[in-house]
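# Residue-level structure breakdown
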Amino acid sequence: PRGRAREGPLGCFAAVLRHVVLCSRRGRMPQVLLAFFLGITAASSLIGWITHRTVTSVWEKTRESGLTTAPNPFTGSPPLAYAKNVVIYVVLIGALLAIVLGVTSVMRGRTSRTVDLVLSRPVGSRVYLGAKLAGMAVWLAVVLIVWAVITWLSIAVILGHRLSAGDTKKLSAFYGLAWVFLLGFVLLGLLSAVSAT
C-alpha cells in the first residue's frame, strides 16, 4: 500500500516537484534569473548610494559656504524610496523572465522525454502541471527572499542604519505580492508551452 501511495497522484506530484526544484538549482535559466535580479539590485543600490553620497556632500559644502539654508534634499524622503526601481524590474523584466522560466520548464521535460514517463503512470496532466508550478513557486520564493534580503541590506547601507520594523514589513509585503505576480507569468509560460507542443 505504501508503494502504491508513492506511485499515485500525490507521489508523482511530490516527485515532479522535487525534480523541478533540483533542475532549477542546476539549470541555466533559473540561475540566470537569480543572477540577473541580484545584479540589477546591486547596481541600483550602488547608484543610489553614490547619488546619496554625492548630493549630501555637495549640500554640506554649499551649506558651509553659506550659499543655502535649504535642508538636505534627502531629508524626509522615505527609506523605501531607494527601492523604487525594483518595481520596474519586477513588472517589466521579471515578468518576461518568469514566462521564459515556465516555457523552458515544459520544454526541458519534452526534450528529456520525462513527460511521457510521468504521464504513463496513473496521474493526469493537471497534477503534473500543478507539481511543475509548485516546484517553480518554491524556487521563485527562494529567489525573491534572497532578493529581498539584499534590497534590505542595500537600503540599510545607504541610510547608515537598519530599516524600521514597519518598513521591513512593507518591503516583505511587496516581495510577497511580487511572488504572486511573477507566479502568474510562470503559469502563463507553462500553459503557452503546453499548448504549443
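Residues numbered from 1 in each chain as written. Predicted model: local features only at pLDDT ≥ 70, side-chain atom pairs only at ≥ 80, totals over all residues. Heavy atoms only, no water.

With that settled, the discussion passes to the side chain of Thr151. You can see Thr151 is positioned in helix α6 (residues 125-159). What makes Thr151 buried here is its relative accessible area of 3%. What Thr151 contacts, discounting residues up to four positions off in sequence, is Thr41, Ala83, Leu171 and Tyr175. (Helix = DSSP H or I, 4+ residues; strand = E, 2+ residues; numbered from the N terminus. Buried < 20%, exposed > 50% of the residue type's maximum accessible area, 1.4 Å probe, protein only. Contact = heavy atoms within 4.5 Å.)

On to the environment of Pro71. When you line up the elements, Pro71 lands in the loop between α3 (28-64) and α4 (84-112). In this structure the C-alpha to C-alpha distance between Pro71 and Glu60, which are 11 residues apart in sequence, comes to 9.7 Å.

Okay, the packing of aromatic side chains next. Across all of its chains, the model carries 3 aromatic pairs by this definition. Between Trp147 and Tyr175, the aromatic rings sit 5.5 Å apart at their centres with planes inclined by 65°, giving edge-to-face as the arrangement. A residue pair is termed long-range when its members are at least 10 positions apart, and Trp147 in helix α6 and Tyr175 in helix α7 (residues 165-196) qualify at 28 residues. Its relative accessible area of 4% is what places Tyr175 among the buried residues. Relative to Tyr175, the ring of Phe174 has its centre 5.2 Å away and its plane inclined at 75°; by these criteria the two rings are edge-to-face. An aromatic cluster is built from Trp147, Phe174 and Tyr175, whose rings are joined through pairwise contacts. (Phe/Tyr/Trp six-rings, centres within 6.5 Å; stacked < 30°, edge-to-face > 60°.)

Before going further, it helps to examine the nonpolar core. With 30 residues, the main nonpolar core has Trp147 and Tyr175 as its most contacted residues. Contributing elements (two or more residues each) for this core: α3, α4, α6 and α7. The element best represented in this core is α6, accounting for 10 residues. (Core = buried A, V, L, I, M, F, W, Y, C linked by side-chain atoms within 4.5 Å.)

Moving on, we get to the confidence of the model for the protein chain. Averaged over all residues, the pLDDT of the protein chain is 77; the fraction at 70 or higher stands at 76%. Helix α1 (residues 2-7) is the least confidently modelled element of the protein chain, averaging 46 in pLDDT, while α7 averages 89, the highest of any element. In this model, residues 1-6 is a region of pLDDT below 50 whose contacts with residues beyond four sequence positions or in other chains number 3 contacts. (pLDDT = per-residue confidence, 0-100.)

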